Amino acid sequence: MKPCWHKEPPKELERRIRANDREYNFAFSYANNFISTSKYNILTFLPKNLFEQFQRLANAYFLFLLILQLIPQISSLTPFTTIIPLLSVLTLTAMKDAVDDIQRHRNDNLVNNRQSFVLQDGKLMAELWHRVQVGDVIRMESDQFVAADLLLLSTSEPHGLCYIETAELDGETNLKCRQALPETAEMGEDNKTIGLFNGSHLYKH
């Protein structure tokens, strides 16, 4: 049972997206394209990491034992017999977690700062992936990494076909064939025509 003061956000029933119209899409407060897989930052690392470590039964047990040893009326053992091994375990685990999280930060920066080409006013403009907005029309090149969910409008291939690899998502290395809708495939690679495209997409849950 949840407390009465806890209000859940209203359930989203549908999403409306309009191509080449940032102002329209901005009104819905959609999430940005910034990717973050890291767990910590400089300020939260120590308290969050210690909290996670003391969730483990062994660490919580030794902490409780240390507290008892600090009370002379209860224990005659010196607290150092528990402090040294506990601090050693906490320090080594924290160092490992820090190295892993630093690597995650580097990977996030690598993906977020990859360059893409966004169509604005009929012209291709260089844009970093984390600045791409919902509804932007993006030009993809062969063998280019995709860092967002995309809807295929047109391709340079006949019948609006393209081939994608999803190895990073499902481990499948075979190329998958995707085809654009006939209504949008006829735009081809004409930037001026695609820049005037203002089609809408309604997604219902």
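Definitions and limits used
Residues numbered from 1 in each chain as written. Predicted model: local features only at pLDDT ≥ 70, side-chain atom pairs only at ≥ 80, totals over all residues. Heavy atoms only, no water. Helix = DSSP H or I, 4+ residues; strand = E, 2+ residues; numbered from the N terminus. Rg over C-alpha atoms; globule rule 2.2 N^0.38 Å. Buried < 20%, exposed > 50% of the residue type's maximum accessible area, 1.4 Å probe, protein only. Contact = heavy atoms within 4.5 Å. Areas by Shrake-Rupley, 256 points an atom, 1.4 Å probe, with all protein chains shown as cover. Lys, Arg positive; Asp, Glu negative; His and termini not counted. Charge placed at Lys NZ, Arg CZ, Asp CG, Glu CD. Patch = residues over 30% accessible without salt bridge, like charges linked within 9 Å, V, L, I, M, F, W, Y side chains within 5 Å. Salt bridge = Lys/Arg side-chain N within 4 Å of Asp/Glu carboxyl O. Pairing = 2+ DSSP bridges. Axes fitted to C-alpha atoms, helices over the stretch in contact; angles between N-to-C directions. Phe/Tyr/Trp six-rings, centres within 6.5 Å; stacked < 30°, edge-to-face > 60°. Lys NZ or Arg CZ within 6 Å of the ring centre and 35° of its normal. Expected span 1.5 Å × (residues − 1).

Novice: Hey, could you run me through the overall build of the protein chain in this one?
Specialist: Of regular secondary structure, the protein chain possesses seven helices and seven strands. Counting from the amino terminus, helix and strand elements in the protein chain follow one another as β-α-α-α-α-β-β-β-β-α-β-α-α-β. Computed over C-alpha atoms, the radius of gyration of the protein chain comes to 26 Å, more than 25% over the 17 Å expected from 2.2 N^0.38 for 205 residues, which places it beyond the range of a compact globule. Principal-axis analysis of the C-alpha atoms gives the protein chain an extent of 85 × 45 × 30 Å. Every one of the 205 residues in the protein chain was classed for burial, and the buried ones make up 22%. Counting only contacts in the protein chain whose residues sit at least 6 apart along the sequence, the fraction spanning at least 24 positions is 50%. Total accessible area computed for the protein chain in this model is approximately 15700 Å², and 60% of it derives from carbon and sulfur atoms. Averaged over its 21 positive side-chain charges, the protein chain has a centre that lies 7 Å from the centre of its 25 negative ones.

Novice: Even after reading the chapter, I still don't get a nonpolar patch on the surface, so can you show me in this structure?
Specialist: A surface patch of nonpolar side chains, about 280 Å² in accessible area, is lined by Leu70, Ile71 and Ile74. Within the element layout of this structure, leucine 70 appears in the loop between α3 (57-69) and α4 (80-112). Judged by its relative accessible area of 53%, leucine 70 falls in the exposed class.

Novice: Even after reading the chapter, I still don't get the sheet that holds strand β3 (residues 123-128), so can you show me in this structure?
Specialist: Across a sheet, strands are paired by hydrogen bonds formed along the backbone, either parallel or antiparallel in direction. On the basis of which strands lie adjacent, the open sheet formed by three strands has the order β3-β2-β4 and antiparallel pairing. Strands with a single pairing partner mark the edges of an open sheet, and in this sheet they are β3 and β4 (137-139). On average, each strand axis in the sheet is tilted by 45° relative to the strand beside it, whichever way the strands run. Pairing analysis gives three bridges linking strand β2 (residues 115-120) to β4, with the strands arranged antiparallel. Its bridge partner being in β4, phenylalanine 117 is matched across the sheet by arginine 139.

Novice: Explain the environment of arginine 16 here, please?
Specialist: Note on placement: arginine 16 falls in strand β1 (residues 14-18). Linking arginine 16 and tyrosine 61, residues 45 residues apart in sequence, is a C-alpha distance of 52 Å. With sequence-adjacent residues up to four places away left out, arginine 16 is seen in contact with Tyr24, Asn25, Phe28, Tyr30, His201 and Leu202.

Novice: Whenever I open this one, the packing of aromatic side chains confuses me. Can you help?
Specialist: The geometry of an aromatic ring pair is captured by two quantities: the separation of the ring centres and the angle between the planes. Taken as a whole and judged by the stated rule, the model has four aromatic pairs. When the centroid spacing of 5.3 Å and the interplanar angle of 70° are considered together, the rings of tyrosine 24 and phenylalanine 28 count as edge-to-face. Judged by its relative accessible area of 24%, tyrosine 24 falls in the partly exposed class. Taking the centre distance of 5.5 Å and the plane angle of 75° together, the rings of tyrosine 61 and phenylalanine 62 count as edge-to-face. Tyrosine 61 gets classed as partly exposed once you look at its relative accessible area, which sits at 48%. Judged by its relative accessible area of 36%, phenylalanine 62 is partly exposed. These aromatic residues form a ring-pair network of at least three members: Tyr24, Phe28 and Tyr30. Sitting over the face of the ring of tyrosine 24, arginine 18 holds its NZ or CZ atom 3.9 Å from the ring centroid.

Novice: Any chance you could explain unusual backbone geometry here in plain terms?
Specialist: Backbone phi values are negative for most residues with the exception of glycine, while trans is the configuration of most peptide bonds. Look at aspartate 143: it is not a glycine, yet its phi comes out positive at around 65°. Along the polypeptide, aspartate 143 turns up in the loop between β4 and β5 (161-166). Given the relative accessible area of 84%, aspartate 143 is considered exposed. The backbone of histidine 159 sits at a positive phi, close to 65°, despite the residue not being glycine. If you trace the backbone, histidine 159 turns up in the loop between β4 and β5.

Novice: I keep staring at α4 and nothing clicks. Help me out?
Specialist: Because an α-helix completes one turn every 3.6 residues, residues spaced three or four positions apart along the sequence face the same direction. Here α4 is 33 residues long and its end C-alpha atoms lie 47 Å apart, about the 48 Å a rise of 1.5 Å per residue gives. Check the buried side of α4 and you find it contacts α2 (45-53), α3 and β3.

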